[in-house]
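Here is what each chain is made of, one letter per residue.
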Amino acid sequence: MFSNFFTIALRNLFSHKAFSFINIFGLAIGIAASLLILQYARYELSYDRFEPNSSRIYRLEQDRYNNGKLSTQWAAGAAGIGTLVKDAVPEVESFARLRSNGAIVSYKDREFREDKILFANDTFLTMFSYKALAGSAAGALKDIYTAVITASTARKYFGNEDPIGRILSMNKTENFRVTAVVPDPPSNTHLKFDMLLSWATMVKYAGPQVETTMNWDAFLTYILVRPGTDTALLAKKINSAVQAKFGTEMKAGNYDVVYHLQPLPDIHLYSHYMFETEVNGDGKAVYFLLVIAVFIIVIAWINYINLATARSVERAKEVGVRKVLGSLRRQLVGQFLFESLLINGMAVVLAFLLIICCLPLFNYITGKELHFSLLKDPIFWLVLACLFVTGTFLSGLYPAFVLSSFRPITVLKGRLSKTGHGAFLRQSLVVIQFAASVILMVGTFAVYRQLHFMQHQDLGVQISNTLVIKGPGVLDSTYVNKLNGFKTEALRIPGVKQLAVSTEVPGSKVGWNAGGIRLVGSDPNKSDQYRIIGIDHDFLDAFGLKLLKGRSFYPGLVDSMAVLFNEAAIKKMGFAKNEDALNKKIEFWGGQYTIVGVVSNHHQESLQQDYDAHIFRYIPDANSYYSLKLTADRNNIPAIIHSIQEQWKSFFPGNPFEYFFLDEHFAAQYKADRQFGQTFCLFAGLAIFVSCLGLLGLAAFVTNQRTKEIGIRKIVGANLPSILLLLTRDFIRPVLISFLIAVPVTWYLLQKWLENYAFRITIGPWMFILPGLLILVIALLTISTQTMKAASANPAKSLRTE
């Protein structure tokens, strides 16, 4: 029986090559695209789930409220919260405390700037299940001046030497003994590091108060809770403990802090707070891509159902004859399901080949590193099998029952061809297909419009032709003289116009966050938090920041107690006009500072964020960043950089020369948005392509069925345009209906998506009209390839088709 099924199925496939190709190729694209998206989503959702205790590890996220309003949300909060929670809440089994750090690390003649250094307490390695490759993880970070390094860091500094017991120098001032080597953190963890330094060393630097203080932020705290802990109740207990110990102090300062528990596996996709260890992913984007995966595979299955039911008239006589000869309905259902099985099987093989060919391109577009090892992943094959089985039954079951239900007498007398059997279903499925296509097309258009909008807005700061050097980490008492000498020599280099030093540059969130700032003599309850940027007297001019009122910092003036406010800070402090702030004094960290000027707002971060309240302090010897303004002639850039590097080596020996261009640094903030836009565009295009494949097949079949009608109409005088309109109308109607259905759905989804951006595009009618017209044109062109051929055919030949 199965050999008979197979023979008939192959005969049908080769008898209708075009329809077979459309079905197999469309299904293959749908399966391949869905599998790639599913693997991408699985990778994103896998972050930190490899940890044995991932379900019991939580990070403490800190919200700060000033005057009852949320002012700051910290991924890395107060230093002392871990100690407080461990002592006060019995459900907490242990805690890990981390502090990010950077340093110039050297061993013999090998010297590198390391940015992924963490101070960590001794429980970190055991809580996060790191096994030592050399040395012992237990107690590795217990003593002062001890370090744990990753395997790649060990190779970088020590080569084939045994790293245990070796000494690494930090900034030429402190020496750390390597006590253990651990594996490199996997790519799917949010907590990546190259080196861990003992917490005991941090205590030596900062004093024992760092263990308990709630007034020093930027410390990551993770807790391991006991099995069966009610986390909602635990969060309440933690906040109650904070209030019990620090409530009076916080009330006096008119601020409050609230802690939330972040499950370890949720951090990568759902945490976007201050002092994240890296730029995290976007959970909404991942699930949105999963929706696209569903759209594409459903569109491919709809194609099969549409073409199979459309061909029901052709196969009706076959069914009638087989029933007359004694075939049972279940045998006919089995036959048609076997055909679906064969087509889906071929599609799976083709999809597999497409995945192998397209995986490098997919990695490039998404910025991820999915390897061919995913073919060894049991989940990959399980999903592939599920798609195969589901596709076989969903796409094959309805046509099988429709075809097997025909009555022999009816079909053998030719009455079925005079009915509109299945027409409503086919048109409904086309509506679903193109509604999904319109949603994806409009979404793609909106993503690119928003990205273009953000990248081409006036930032309020000039970042072009700006070379930024990371400041020296190895300093001594002669630093100020060396800085001034370097400035003088650098400005003599042809092509270097200006040089400014600062604690921050545009392109990242300001790390210096200060609370308790208020006007001298004002109500202490009016204090608030502001972002502090240290600059020299050349900074405003170099970066094109507009001085709106007052004056800037001047060389030679004693401006260490002077500050500049931006417009957002003026508004936050309650001044009605910029000039009202001039010469007012503020209290800040036990000192009084005078507001001497007001500068314009600028975008310190991407336009996804609103303007921050910035206070500029005069710090002419800042050593975080040196910003050099260059001439616009890019041809001389290599020579300029070489000359700057020579001066750098002369004034700052022992410090690596590391630089970046500020416009590229700022644009890197949009990397995730660009990758999402590219991915979205790729799969939206595939969905539309698969929809058009189905429409092409349907148009070919329907025009073939109406060949005799077209011939008669031409004989009685119908012209080419009228025939084209007749053939096209039935296809365009569902496309237009799909547009009407998709518009409100897309508008709602775009509104929700754009809420994530402080500066965003306006949703206008043209955002729907242009993509809608494009899809309509694509549909018309697809249909016209068949309708034009049918309408142009010789009537005499058309009338001989039967």
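Above: the structure in question.
First, a word on what this report is: a plain description of the structure on this page.

**Considerations on the overall build of the protein chain**
Tallying secondary structure elements over the protein chain gives 24 helices and 22 strands in all. Of all 802 residues assigned to the protein chain, the portion counted as buried reaches 52%. Contacts in the protein chain between residues at least 24 apart in sequence constitute 80% of all its contacts with a sequence separation of at least 6. Per element, the accessible surface of the protein chain, about 35,700 Å² overall, is 59% carbon and sulfur.

**Observations regarding the nonpolar core**
If you look at the biggest cluster of nonpolar residues, it comprises 108 residues, and the most contacted ones within it are Ile31 and Phe616. Of all hydrophobic cores here, the second largest spans 26 residues; its members include Ala151, Val178, Met202 and Val203.

**Notes on helix α2 (residues 17-45)**
Along an α-helix, residues three or four positions apart point the same way, because every turn accommodates 3.6 residues. Over its 29 residues, α2 runs 41 Å from end to end, which matches the ideal 42 Å to within 8%, given 1.5 Å per residue. α2 sits mainly inside the fold: 22 of its 29 residues count as buried.

**Section: the packing of helix α21 (residues 707-715) against helix α22 (residues 720-754)**
The geometry of α21 relative to α22 is characterised by a closest axis approach of 11 Å and an angle of 150 degrees between their N-to-C directions. Classified by the angle their axes make, α21 and α22 are roughly antiparallel. Note that α21 runs across α22; the crossing there is right-handed. Residues Glu709, Ile710, Arg713 and Lys714 of α21 touch α22, and the partners they reach there are Ile723, Leu726 and Leu727. A breakdown of the residues in the contact of α21 with α22 according to their chemical character gives 4 nonpolar, no polar and 3 charged.

**Some thoughts on the side chain of His602**
The topology assignment puts His602 in the loop between β19 (591-599) and β20 (614-618). Polar contacts involving the side chain of His602 include one to the side chain of Gln604, which spans 2.9 Å. Setting aside residues up to four positions removed in sequence, His602 forms contacts with Leu459, Gly460, Val461, Leu545, Tyr611, His614 and Phe616.

**Observations concerning the pairing of strand β21 (residues 625-630)**
Judged by how many residues are buried, β21 sits mostly within the fold: 5 of 6 residues are covered. With 5 bridges joining them, strand β12 (residues 466-470) and β21 adopt antiparallel strand pairing. Bridge pairing links Val468 to Ser627 in β21. Pairing between strand β13 (residues 496-502) and β21: 6 bridges, direction antiparallel. In the strand pairing of β21, Val501 is matched with Tyr626.

**Here's the deal with the pairing of strand β10 (residues 220-225)**
Most of β10 is tucked away, with 6 of its 6 residues classed as buried. Covered by surrounding structure in β10 are Leu220, Tyr222 and Leu224 together with Thr221, Ile223 and Val225, the residues of both alternating faces. Where strand β1 (residues 57-66) and β10 come together, 3 bridges link them in antiparallel fashion. Note on β10: the bridge partner recorded for Arg59 is Tyr222. Direction of pairing for strand β3 (residues 92-107) relative to β10: antiparallel, over a ladder of 6 bridges. Bridged to Ala96 within β10 is Tyr222.

**Thoughts on unusual backbone geometry**
Backbone geometry at Tyr145 places phi at a positive 55 degrees, although glycine is not the residue there. Of note, Tyr145 is situated in the loop between β5 (134-135) and β6 (146-150). Residue classification places Tyr145 among the buried residues on the basis of a relative accessible area of 18%. In this model, Ala218 sits at a positive phi of 80 degrees, which is unusual for a non-glycine residue. Ala218 sits in the buried class, given a relative accessible area of 14%.

**Brief notes about helix α18 (residues 637-651)**
Compared with an ideal rise of 1.5 Å per residue, which puts 15 residues at 21 Å, α18 spans 21 Å between its outermost C-alpha atoms and is within 8% of the ideal. Buried within α18 are the following residues: Ile637, Ile640, Ile641, Ile644, Trp648 and Phe651. Taken down its axis, α18 places every buried residue within 95 degrees of arc, on the same side. Exposed residues pointing more than 90 degrees away from the buried face of α18 are listed as Pro638 and Ser650. On the buried face of α18, the contacting elements are β12, α15 (479-491), β13, β21 and β22 (659-661).

**Comments concerning the environment of Ala668**
Among the secondary structure elements, Ala668 is positioned in the loop between α19 (662-667) and α20 (671-705). When the C-alpha positions of Ala668 and Ser508 are compared, they lie 9.8 Å apart, and in sequence the two are 160 residues distant.

**Looking at the packing of aromatic side chains**
Applying the stated criterion across every chain, the model contains 39 aromatic pairs. Between the aromatic rings of Trp753 and Tyr757, the centroid separation amounts to 5.3 Å while the plane-to-plane angle is 65 degrees, which identifies the pairing as edge-to-face. An identical accessibility class is assigned to Trp753 and Tyr757; each is buried. In this structure an aromatic cluster arises from ring pairing among Tyr479, Phe486, Tyr626, Trp648, Phe651, Phe652, Phe657, Tyr659 and Phe661. Lying over the aromatic face of Tyr530, Lys572 brings its terminal NZ or CZ to 5.1 Å of the ring centre.

**Quick look at the pattern of salt bridges**
Side-chain pairs of opposite charge can arise whenever the charged atoms involved come near each other. Using the criterion set out here, one finds 21 salt bridges in the structure. The salt bridge partner of Glu93 is Arg56, with a shortest N-O separation of 3.3 Å. Here Arg56 lies in the loop between α2 and β1 and Glu93 lies in strand β3, a separation of 37 residues in the sequence. A relative accessible area of 18% means that Arg56 is categorised as buried. A salt bridge links Asp612 to Lys509, with the shortest nitrogen-to-oxygen separation between them at 4.0 Å. With Asp612 in the loop between β19 and β20 and Lys509 in the loop between β13 and β14 (513-519), this residue pair connects regions lying 103 residues apart in the sequence. Overall, the relative accessible area of 30% leaves Lys509 in the partly exposed class.

What counts and what doesn't
- Residues numbered from 1 in each chain as written.
- Predicted model: local features only at pLDDT ≥ 70, side-chain atom pairs only at ≥ 80, totals over all residues.
- Heavy atoms only, no water.
- Helix = DSSP H or I, 4+ residues; strand = E, 2+ residues; numbered from the N terminus.
- Buried < 20%, exposed > 50% of the residue type's maximum accessible area, 1.4 Å probe, protein only.
- Contact = heavy atoms within 4.5 Å.
- Areas by Shrake-Rupley, 256 points an atom, 1.4 Å probe, with all protein chains shown as cover.
- Core = buried A, V, L, I, M, F, W, Y, C linked by side-chain atoms within 4.5 Å.
- Expected span 1.5 Å × (residues − 1).
- Axes fitted to C-alpha atoms, helices over the stretch in contact; angles between N-to-C directions.
- Parallel < 35°, antiparallel > 145°, perpendicular 65-115°, else oblique.
- Left-handed = near helix turned anticlockwise from the far one by under 90°.
- Nonpolar A, V, L, I, M, F, W, Y, C, P; charged D, E, K, R; others polar.
- Polar contact = N/O pair within 3.5 Å; in protein donor to acceptor, adjacent residues only side chain to side chain.
- Pairing = 2+ DSSP bridges.
- Arc of directions from axis to C-beta.
- Phe/Tyr/Trp six-rings, centres within 6.5 Å; stacked < 30°, edge-to-face > 60°.
- Lys NZ or Arg CZ within 6 Å of the ring centre and 35° of its normal.
- Salt bridge = Lys/Arg side-chain N within 4 Å of Asp/Glu carboxyl O.

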